[in-house]
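Commentary on secondary and tertiary structure
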Amino acid sequence: MNVTIKDVAKKAGVATSTVSRVLSNSPRISKATHEKVRKAMEELGYYPNLSAKNLVKRSTETLGIIMPRSAEDLFVNPFFPEVIRGIQALAQEKNYDLLMVSGRDEAEEKKAVEKIVYGKRCDGVLLLCSRTTDPLIEQLDDEGFPFVVIGKPATRPDVNWVDNDNVQASYVATKHLLDQGYRRIGFVSGSLSLVVSLDRLEGYKKALKDQNIAFNKDLIVYGDFDRETGYQAFKKLLTLEEPPDSVIAVDDVMALGVSRAAQELNLRLPEDLAIVGFNNTMLTEYTYPPITSVDIKIYDLGYQAAKLLINQIENPDAERKHVIVPTGLIVRKSSCLK
């Protein structure tokens with residue numbers, strides 16, 4: 001037999017209208033009464049009818065998360081579970097649910113987004129990456145649907161977004177290697193269709209320029225954010241007449257691929273080769289030797305993005321904001337000669 005709102009009211013010793021106000025988080029209800037009603041709901045196993053509630057509020061109390069690729073590929077990279085953990089933490093605080101969708105390419109991604117947006121399955125969406133050209137951002141912006149981008153948008157920089165200062169983060173990582181005495185620094189980049197790749201490459205170039213070291217395009221290899229890219233990239237860099245003495249990979253998973261290739265060749269880290277990654281995931285701490293990595297505060301990126309989106313949903317006229325989450329270089333044995 002289903003538990004009703006009347007059962008909850010009787011159990012808590014309050015009126016049914018009081019229970020309704022608790023369910024809608026009315027400020028008119030005292031904290032003590034709120035806790036008493038919530039306790040009665042828990043003891044009785046009562047769950048509010050969200051469909052009916054949402055019809056009245058014209059709200060789903062759901063945030064859509066748009067994955068940039070298929071979920072099968074996504075969860076190989078620790079970045080995505082961690083950023084979703086941050087999103088989930090804030091969503092739970094604010095009583096929002098999450099709905100995740102993905103596509104194998106941009107066309108499927110667009111179709112998936114239209115399904116949840118036009119089908120009114122969520123109140124707003126979070127985009128987990130920023131491309132140099134992204135019709136999806138432009139479409140959502142033109143239609144006035146609430147959304148936040150994790151990453152700095154290239155075509156619509158005035159929309160709500162959360163990001164790191166990736167230029168500065170990469171500059172710091174490159175300068176660290178230069179300060180250690182390395183001079184031929186390889187750079188394993190993601191696709192240049194992603195703003196994060198462009199920003200980190202810019203920081204790398206700027207650090208070299210400030211030390212009067214000429215930029216060498218042969219030391220740059222592009223690929224996907226996976227271990228195989230790092231592995232193959234380092235093999236390619238070794239074919240140069242003057243191979244690199246160090247490598248920056250724009251993702252820890254790629255850095256692991258570089259490390260694997262180097263150790264297969266019996267190269268010592270950091271004596272023969274230094275490695276620096278990005279994201280500071282657990283992978284870098286528990287490899288041997290541990291890998292130096294830029295901590296981009298992945299959890300905070302997700303948490304701040306969800307906070308920004310919910311604020312936009314609940315305050316449609318709120319001023320658009322850009323949140324920069326600070327970074328820090330976590331120095332480990334893979335890059336320390338001094």
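Attention in this report is confined to the structure presented alongside it. Since this is a predicted model, take the numbers as computed values, not measurements.

The next point concerns the pairing of strand E8 (residues 246-249). Alternating positions in E8 separate into two faces, Ser 246 and Ile 248 on one and Val 247 and Ala 249 on the other, with burial throughout. The β-α-β motif built from E8, the intervening helix H12 (residues 252-264) and the parallel element strand E9 (residues 274-278) has right-handed crossover chirality.

With that out of the way, let us pick up the side chain of Ser 335. Tracing the chain through its elements places Ser 335 in the segment after strand E12 (328-330). Only 2.7 Å separates the side chain of Ser 335 from the side chain of His 176, close enough to count as a polar contact. In contact with Ser 335, other than residues within four places in its own chain, are His 176, Leu 177, Gln 180, Tyr 182, Pro 270, Ala 274, Ile 275, Val 276 and Thr 292.

Turning our eyes to something else, we now look at empty space enclosed by the protein. A full pass over the atoms with the stated rule returns three cavities of 30 Å³ or more. A volume near 60 Å³ is recorded for the largest cavity. Taken together, Ile 66, Met 67, Pro 68, Glu 109, Leu 127, Leu 128, Cys 129, Arg 131, Asp 134 and Leu 136 form the lining of the largest cavity. Tallied by class, the residues present in the lining of the largest cavity amount to seven nonpolar, no polar and three charged. For the second largest cavity, the calculated volume is near 40 Å³.

Within helix H8 (residues 135-143), the full set of buried residues consists of Leu 136, Ile 137, Gln 139, Leu 140 and Asp 141. Packing partners of the buried residues in H8 comprise strand E1 (62-66), helix H7 (106-118), strand E3 (124-127) and strand E4 (147-150). If you check the start of H8, you find a side-chain oxygen 3.1 Å away from the backbone N of Leu 136, and it comes from Asp 134.

Another aspect to go through is the pairing of strand E6 (residues 185-189). The side chains of a regular strand alternate between both faces of the sheet. In terms of residue burial, E6 counts as a mostly covered element, since five of its five residues are buried. In the sheet, E6 pairs with E8 via four bridges, with the strands oriented parallel. Opposite Gly 186, over in E8, you have Val 247 as the bridge partner. In the sheet, E6 pairs with strand E7 (residues 220-222) via three bridges, with the strands oriented parallel. The residue bridging Phe 187 from the neighbouring strand is Ile 220, located in E7. Following the backbone out of E6, through helix H10 (residues 195-210) and into the adjacent parallel E7, one traces a crossover that is right-handed.

This part covers the packing of aromatic side chains. If you walk through the whole model with that rule in mind, you get four aromatic pairs. Where Phe 79 meets Phe 80, the ring centres are 5.1 Å apart and the plane angle is 85°; that geometry is what we call edge-to-face. Neither residue differs from the other here; Phe 79 and Phe 80 are each classed as buried. When the centroid spacing of 6.4 Å and the interplanar angle of 80° are considered together, the rings of Tyr 204 and Phe 215 count as edge-to-face. Placement of the pair is Tyr 204 in helix H10 and Phe 215 in the loop between H10 and E7, with a sequence separation of eleven residues. Taking relative accessible area as the criterion, Phe 215 reaches 37% and is therefore assigned partly exposed. Counting every residue linked through ring pairs, the aromatic cluster contains Phe 187, Tyr 204 and Phe 215. The side chain of Lys 205 reaches across the aromatic face of Phe 215, ending 4.7 Å from its centre. The cationic tip of Arg 260 hangs over the ring face of Tyr 231; the distance from NZ or CZ to the ring centre is 4.1 Å.

This part takes up the pattern of salt bridges. Scanning the entire structure with this criterion turns up 14 salt bridges. For Lys 217, the salt bridge identified is with Asp 218, shortest N-O distance 3.7 Å. We note a salt bridge from Glu 264 to Arg 260, for which the minimum N-O separation is 3.4 Å. Here the residue Glu 264 and the residue Arg 260 both occupy positions in helix H12, the gap between them amounting to four residues, near one helical turn. Using a relative accessible area of 43% as the deciding quantity, one classes Glu 264 as partly exposed.

With that settled, consider the nonpolar core. Of all hydrophobic cores here, the largest spans 68 residues; its most connected members are Leu 63, Tyr 204 and Ile 248. Ranked by residue count, the leading element in this core is helix H14 (residues 298-314), at nine residues. Ignoring any residue separated from it by four or fewer positions in sequence, one finds Leu 63 in contact with Ala 91, Tyr 96, Asp 97, Leu 98, Leu 99, Cys 122, Gly 124, Leu 126, Ala 306, Leu 309, Ile 310 and Ile 313. Listed in part, the 17 residues of the second largest apolar core include Ile 66, Leu 136, Phe 145 and Val 159.

Below, the discussion takes up the sheet that holds strand E10 (residues 292-295). Taken together, six strands build an open sheet; the order of strands is E7-E6-E8-E9-E10-E12 and the sheet is mixed. Each edge of the open sheet is held by one strand with a lone partner, namely E7 and E12. For this sheet, the mean inter-axis angle between neighbouring strands, taken without regard to orientation, is 20°. Relative to E10, E9 is paired through three bridges, and the arrangement is parallel. Opposite Phe 278, over in E10, you have Val 294 as the bridge partner. Along the sheet, H10 makes contact with E6, E7, E8 and E9, crossing E6 at roughly 170°.

How each quantity is defined
- Residues numbered from 1 in each chain as written.
- Predicted model: local features only at pLDDT ≥ 70, side-chain atom pairs only at ≥ 80, totals over all residues.
- Heavy atoms only, no water.
- Buried < 20%, exposed > 50% of the residue type's maximum accessible area, 1.4 Å probe, protein only.
- Helix = DSSP H or I, 4+ residues; strand = E, 2+ residues; numbered from the N terminus.
- Right-handed = clockwise from strand over helix to strand, strands pointing away.
- Polar contact = N/O pair within 3.5 Å; in protein donor to acceptor, adjacent residues only side chain to side chain.
- Contact = heavy atoms within 4.5 Å.
- 1 Å grid on protein atoms, 1.4 Å probe; cavity = no way out; pocket = protein on both sides within 12 Å on 5 of 7 lines; lining within 4 Å.
- Points joined across faces, edges and corners; volume = space filled by probe spheres on them.
- Nonpolar A, V, L, I, M, F, W, Y, C, P; charged D, E, K, R; others polar.
- Pairing = 2+ DSSP bridges.
- Phe/Tyr/Trp six-rings, centres within 6.5 Å; stacked < 30°, edge-to-face > 60°.
- Lys NZ or Arg CZ within 6 Å of the ring centre and 35° of its normal.
- Salt bridge = Lys/Arg side-chain N within 4 Å of Asp/Glu carboxyl O.
- Core = buried A, V, L, I, M, F, W, Y, C linked by side-chain atoms within 4.5 Å.
- Axes fitted to C-alpha atoms, helices over the stretch in contact; angles between N-to-C directions.

That is the geometry; function is a separate question.
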